Amino acid sequence: MFFATLLDQQGQVFDAVLFPPVAAKYMFRGRGIYRFYGKVVSEFGFLSIEVIKLVKQDFIQDPRYADMKTSAKVFDQKKTGDEKIEVRK
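Rules used in this analysis
Residues numbered from 1 in each chain as written. Predicted model: local features only at pLDDT ≥ 70, side-chain atom pairs only at ≥ 80, totals over all residues. Heavy atoms only, no water. Helix = DSSP H or I, 4+ residues; strand = E, 2+ residues; numbered from the N terminus. Buried < 20%, exposed > 50% of the residue type's maximum accessible area, 1.4 Å probe, protein only. Core = buried A, V, L, I, M, F, W, Y, C linked by side-chain atoms within 4.5 Å. Contact = heavy atoms within 4.5 Å. Pairing = 2+ DSSP bridges. Axes fitted to C-alpha atoms, helices over the stretch in contact; angles between N-to-C directions. Phe/Tyr/Trp six-rings, centres within 6.5 Å; stacked < 30°, edge-to-face > 60°. Lys NZ or Arg CZ within 6 Å of the ring centre and 35° of its normal. Salt bridge = Lys/Arg side-chain N within 4 Å of Asp/Glu carboxyl O.

Engineer: In this structure, what is going on with unusual backbone geometry? I would like to understand it.
Structural biologist: For residues that are not glycine, phi is negative in most cases, and the peptide bond is trans in most cases. Positive phi is not limited to glycine here, since Phe-44 has a value of about 55°. Position of Phe-44 among the secondary structure elements: in the loop between strand S3 (33-43) and strand S4 (46-57). Classification of Phe-44 as exposed rests on a relative accessible area of 80%.

Engineer: I keep staring at the nonpolar core and nothing clicks. Help me out?
Structural biologist: Soluble globular proteins tend to bury their nonpolar side chains together. With 11 residues, the main nonpolar core is built from Ala-4, Ala-16, Leu-18, Val-22, Ala-23, Tyr-26, Tyr-34, Phe-36, Ile-49, Val-51 and Leu-54. For this core, the elements supplying multiple residues, two or more each, are strand S2 (13-18), helix H1 (20-25), S3 and S4. It is S4 that contributes the most residues to this core, three residues altogether.

Engineer: Please explain the side chain of Ser-48 as it appears in this structure.
Structural biologist: Relative to the elements of secondary structure, Ser-48 occurs in strand S4. Setting aside residues up to four positions removed in sequence, Ser-48 forms contacts with Asp-15, Val-17, Lys-39, Val-40 and Val-41.

Engineer: What is the right way to look at the sheet that holds S2 in this model?
Structural biologist: Read across the open sheet, the four strands follow the order S1-S2-S4-S3; overall the sheet is mixed. Each end of this open sheet is capped by a strand with a single partner; those strands are strand S1 (2-7) and S3. In this sheet, neighbouring strand axes are inclined to one another by 40° on average, regardless of whether the strands run parallel or antiparallel. Pairing between S1 and S2: six bridges, direction antiparallel. The residue bridging Phe-3 from the neighbouring strand is Val-17, located in S2.

Engineer: Which parts of the structure should I look at to understand the packing of aromatic side chains?
Structural biologist: Per the stated rule, a full pass over the model turns up zero aromatic pairs. Cation over ring: Lys-53 sits above Tyr-37, and NZ or CZ is 5.4 Å from the ring centre.

Engineer: I keep staring at the environment of Ser-48 and nothing clicks. Help me out?
Structural biologist: You can call Ser-48 buried: its relative accessible area is 16%. Distance in space between the C-alpha atoms of Ser-48 and Phe-3 is 9.9 Å, their sequence separation being 45 residues.

Engineer: Can you walk me through the pairing of S3 in this structure?
Structural biologist: Along a regular strand, successive side chains alternate from one face of the sheet to the other. The pairing of S3 with S4 spans 11 bridges and is antiparallel. Note that in S4 the partner of Tyr-34 across the bridge is Lys-56.

Engineer: So what exactly am I meant to see when it comes to the pattern of salt bridges here?
Structural biologist: Proximity of charged atoms lets side chains of opposite charge pair with each other. Counted by the stated rule, this structure contains one salt bridge. Between Lys-39 and Glu-50 there is a salt bridge, with its nearest N and O atoms 3.9 Å apart. Placement of Lys-39 in strand S3 and of Glu-50 in strand S4 is noted, with a sequence separation of 11 residues between them. In this structure Lys-39 comes out as partly exposed when scored by relative accessible area, which is 48%. You can call Glu-50 partly exposed: its relative accessible area is 22%.

Quick look at the structure:
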């Protein structure tokens, strides 16, 4: 059995439950955008989704974050003030 806390399109947090048969058939495959199919249930005053199927969706990578080593290096340089400024005339 898996439990997940996720964000919806509006940035709201919701919980999902994957019972063992569903968890064995549909596994999370890393970071990404997932489409969940299931039933919304209310237990103990909280809403959650009992997942019956999930599908990882395709998406276009943001090229600014494609190489995280480079992005981290740029961030560290900005943090320490070591960035180089190029002046064009």
